[in-house]
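Secondary and tertiary structure notes
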Amino acid sequence: MTWFHFSPIQDKTLDIIDKILKAEEMVSLGGTLYTVRLVVEELVVNVVNYSGSDYLDVGIMRDKEHVTFRFRDGGVAFNPLEHTPPDVSKPLEERKPGGLGIFLVIQKAEHIEYEYTQGENVLTVSLKI
């Protein structure tokens, strides 16, 4: 398991994403890399831009069938599993902005869980590889 601690995180989005995607657990993901990148980018952008946290901890675990990420931050409590999904049946011009990224993360995850504990958001996302 690899752990990263990022602080400060403001204006560091691309550096954070790059470091996560270069972790040992990311080697040889093949066709799954696109999905992993999409999930990592969405979650990092949300923490950096919307949580109000000044740090982000990311744990990465991998086995033969899954890569699992644990994101931990000290921002405002936000449970993405309770977020109202966008109505993707509506045309783009009729939809409210926002929410599509979280929707995609939930759709792509094999397993996802959230908890707010000791003043921290902890989001665990497992993707089938």
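The notes below deal with the structure included here.

What counts as what
- All residue numbers here refer to positions counted from 1 along the written sequence of the relevant chain.
- Where totals are concerned, whole chains, interfaces and linings use all residues; where local detail is concerned, this predicted model gives features only for residues with pLDDT of at least 70, and gives and counts side-chain atom pairs only at 80 or more.
- No hydrogens and no water enter the side-chain calculation; it runs on all heavy atoms of the structure.
- Any two of the Phe, Tyr and Trp rings considered here, Trp counted by its six-membered ring, make a pair once their centres fall within 6.5 Å; the pair's planes then place it as stacked at under 30 degrees, edge-to-face at over 60, or tilted in between.
- Helix axes are fitted only over the stretch in contact, all axes being lines through C-alpha atoms; the angle between N-to-C directions runs from 0 to 180 degrees.
- Here a helix means four or more residues in a row that DSSP labels H or I, a strand means two or more in a row labelled E, and each is numbered from the N terminus.
- Working rule for handedness: look at the near helix, and if it is turned counterclockwise from the far one by less than a right angle, call the crossing left-handed; if clockwise, right-handed.
- Residue contacts are counted whenever heavy atoms from the two residues lie within 4.5 Å of one another.
- In this text, buried Ala, Val, Leu, Ile, Met, Phe, Trp, Tyr and Cys residues form a nonpolar core when linked through side-chain atoms within 4.5 Å.
- Per-residue accessibility, obtained with a 1.4 Å probe over protein chains only, is compared with the maximum for each type, and a residue is labelled buried under 20%, exposed over 50%, and partly exposed between these values.
- Expected helix span is taken as 1.5 Å per residue step, with the number of steps being one fewer than the number of residues.
- A carboxyl oxygen of Asp or Glu within 4 Å of a side-chain nitrogen of Lys or Arg is what we treat as a salt bridge.

1. A few points about the packing of aromatic side chains
Applying the stated criterion to the full structure yields two aromatic pairs. Centroid distance Phe 69 to Phe 71: 6.1 Å. Interplanar angle 35 degrees. Geometry classified as tilted.

2. Things to note about the packing of helix H1 (residues 13–21) against helix H2 (residues 33–51)
H2 packs onto H1 with a crossing angle of 145 degrees between their chain directions and a minimal axis gap of 10 Å. Where H1 crosses over H2, the handedness of that crossing is right-handed. Contacts from Thr 13, Ile 16, Ile 17, Ile 20 and Leu 21 in H1 reach Val 36, Arg 37, Val 40, Glu 41, Val 44, Val 45 and Val 48 in H2.

3. Observations concerning the nonpolar core
In terms of nonpolar packing, the biggest core is built from 31 residues, with Ile 20, Met 26, Val 36, Val 44, Ile 60 and Phe 69 touching the most fellow members. For this core, the secondary structure elements donating two or more residues are strand S1 (2–6), H1, H2, strand S2 (56–62), strand S3 (66–73), helix H3 (100–108), strand S4 (111–117) and strand S5 (120–128). Ranked by residues supplied to this core, first place goes to H2 with seven residues.

4. Overview of unusual backbone geometry
Ser 7 connects to Pro 8 through a cis peptide bond whose omega is -5 degrees. Looking at the element boundaries, Pro 8 is found in the loop between S1 and H1. One non-glycine residue, Asp 11, lies in the positive phi region at around 65 degrees. Among the structural elements, Asp 11 can be located in the loop between S1 and H1. Using a relative accessible area of 77% as the deciding quantity, one classes Asp 11 as exposed.

5. As for H2
Compared with an ideal rise of 1.5 Å per residue, which puts 19 residues at 27 Å, H2 spans 26 Å between its outermost C-alpha atoms and is within 8% of the ideal. The complete set of buried residues in H2 reads Thr 35, Val 36, Val 39, Val 40, Leu 43, Val 44, Asn 46, Val 47, Val 48 and Ser 51. Phi turns positive, to about 85 degrees, at Gly 52, one or two residues after H2.

6. With respect to the pattern of salt bridges
This model, assessed by the stated rule, comprises four salt bridges. One salt bridge connects Lys 22 with Asp 18, and the closest N-O pair in it is separated by 3.2 Å. By relative accessible area, Asp 18 is classed as partly exposed at 37%. Note that Glu 41 and Arg 37 form a salt bridge whose closest N and O atoms lie 2.7 Å from each other. One end of the pair, Glu 41, and the other, Arg 37, are both in helix H2, four residues apart, so they sit about a helical turn from each other. According to the relative accessible area criterion, Glu 41 is partly exposed, its value standing at 29%. A residue is classified by how much of its surface remains accessible, and Arg 37, at 41% relative accessible area, is partly exposed.

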